[in-house]
Structure formats: structure tokens, C-alpha cells
Amino acid sequence: MDKAIGPVLLAGQRVQHQRVDIVANNIANASTSGFRAQMSIASEHVMQRAGPSVSMPRLATALTDARPGVLTMTGVPLDFAIEGPGFFLIGLADGRQALTRAGSFIRRGDGTLGTPDGAALLGEGGGPIALPEGGGPIVLARDGTLSSGGAIIGRVGVVAEDAAGQRLAGARFALDGPAEPAEGAGLRQGVLESSNVSPVQALAELIDASRRYEMFQSMVEEDDRRIRNVIETFSRQT
């Protein structure tokens, strides 16, 4: 009787459970502007032991799907979208900086541009962008220059994608490294980028992961019954 069967089955079940969590999060953010889906990548880990080595499945990592979402016209002056690579740089309430592709901004109470939940949109120099009172319509140029009534008021910075670190809530990533400008990025006004999650594909993957989880669960239960039968057989013989 190989005692490694149980741990292998449990490891496989754990991988499928992780897949379910990842895909469920993708589906939950299918309508989140600028959200980028996660892709689960399974790997094989060889466990060394006294007898023959055992191959153990594990989730190697959850990669981010870097493909942009569809750009949708909204006509809202403070809705911005990035064409090409890069992220908006925002300042969180706790002092940290983060990256996002979600470009729905508002005029905050202090007159600066920010997100609906209170983060500040940062300009090229790393500071917030103040909007003048009664200065006329806000106009965003493709290079990120913001103007009001013909006067330049700031420039929205677009940070290179390799600065994206740990995934945060929603469509945000922690800033990991220097906020270098993104090459080849352009900005559009009155446009939002949708999530790049394909609901149909995500649902199919969720069904697959759920079925595989159930398969491993059945195998775990069968292995448990096999072990009990062996124990009962030996008990009757003693």
C-alpha cells in the first residue's frame, strides 16, 4: 500500500480549489473597468522520499492576462482610457502608490482628480492634479496633457507595465519599482476600458475546475475506504 496516494490526491484537490477561487474572482470582476483576468498555471513537484519519488501537483502561480479590454465610449469628460501598454498611477489613502487601468475619475472635494473611492490620480511628477474652478471644459490630449480653457493644468502620467507588482483589490496592482513612463501609450478622453474577462470562457473554466475538484474528492473518499478496509482486514486476522 502506497501511503503517498492520499497526499497526492489532496494536493490535486487543493490545486482545483485554487483554480475555482481564481476563476470565481475573474467572473466577479467581469464588469470591473480595467480589470485584468488571472490565469492559473499548474506545475509538478517531485517529492523525494526513501522509496520511489512521487510527483505532486501544485499551482505554480497565477499569471495576469495582459491583454487590454475593449474600449467603450462614455462621453464623460473625466473618463480616461489608455491605448497601448501602461497604467495610471494613483495615490491611496494609506500613502501607498498603486497602478490601475480603471480610468473613471471624479473631481474630489479638494479640487483634485481622483477615483470614486478616494484615491488621487497622480501626474507625471508624482503629485495630484488640481482642477481649476470655473476654468472651462477639461480637455485631455493623447500625450496626457490636461487643459482647461486653453490653459495647461497638468499631465497624466502613464507608468510602464513592468512596475506592476502584487495584485490588490479590484483592478489595482501595487507599485513595484520605479514609476518609469510607458513607451507607446496614448490617452483617450470620454472612454473607458472594460474588463478583459470573457464570461463564457471563465464559466467553462469554472465548470472544468469544479468537476475536477469533485473527481479528486471521489478519489480521496475511495482511498479512505480502501485504507479502512485494509485496517479492518488486518484487525480480523489478529
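You'll find the structure just up there.
Residues numbered from 1 in each chain as written. Predicted model: local features only at pLDDT ≥ 70, side-chain atom pairs only at ≥ 80, totals over all residues. Heavy atoms only, no water.

### Remarks on the overall build of the chain
Here is step 1: A count of helices and strands for the chain gives two helices and 17 strands.
Here is step 2: Every one of the 238 residues in the chain was classed for burial, and the buried ones make up 37%.
Here is step 3: When contacts within the chain are restricted to residue pairs at least 6 apart in sequence, those whose partners lie at least 24 apart make up 62%.
Here is step 4: Of the roughly 12,900 Å² of accessible surface on the chain, a fraction of 56% belongs to carbon and sulfur atoms. (Helix = DSSP H or I, 4+ residues; strand = E, 2+ residues; numbered from the N terminus. Buried < 20%, exposed > 50% of the residue type's maximum accessible area, 1.4 Å probe, protein only. Contact = heavy atoms within 4.5 Å. Areas by Shrake-Rupley, 256 points an atom, 1.4 Å probe, with all protein chains shown as cover.)

### Overview of the sheet that holds strand β10 (residues 138-140)
Here is step 1: Reading across from one edge, β10-β11-β12 is the order of the three strands in this open sheet, with antiparallel pairing throughout. Both outer strands of the open sheet, β10 and β12 (151-155), are each paired with one neighbouring strand and no more. Between one strand axis and the next, the sheet turns by 30 degrees as a mean value, whatever way the strands run.
Here is step 2: When β10 meets strand β11 (residues 145-148), the two strands line up antiparallel, connected through three bridges. Residue pairing in the sheet places valine 139 in a bridge with serine 147 of β11. (Pairing = 2+ DSSP bridges. Axes fitted to C-alpha atoms, helices over the stretch in contact; angles between N-to-C directions.)

### Quick word on the packing of aromatic side chains
Here is step 1: For the structure shown, the criterion picks out three aromatic pairs.
Here is step 2: Each ring, one from phenylalanine 80 and one from phenylalanine 105, has its centre 5.7 Å from the other, and the planes form 50 degrees; the classification is tilted. Placement of the pair is phenylalanine 80 in strand β4 (residues 80-83) and phenylalanine 105 in the loop between β6 (97-100) and β7 (106-107), with a sequence separation of 25 residues. Summarising the burial analysis for this pair, phenylalanine 80 and phenylalanine 105 share the class buried.
Here is step 3: Aromatic side chains phenylalanine 88 and phenylalanine 105 sit 5.3 Å apart centroid to centroid with 90 degrees between the ring planes, which places their arrangement in the edge-to-face category. With phenylalanine 88 in strand β5 (residues 87-91) and phenylalanine 105 in the loop between β6 and β7, this pair connects stretches of sequence that are 17 residues apart. Phenylalanine 105 carries the same exposure label as phenylalanine 88, and that label is buried. (Phe/Tyr/Trp six-rings, centres within 6.5 Å; stacked < 30°, edge-to-face > 60°.)

Everything listed here is a matter of coordinates, which is why it stays silent on function.
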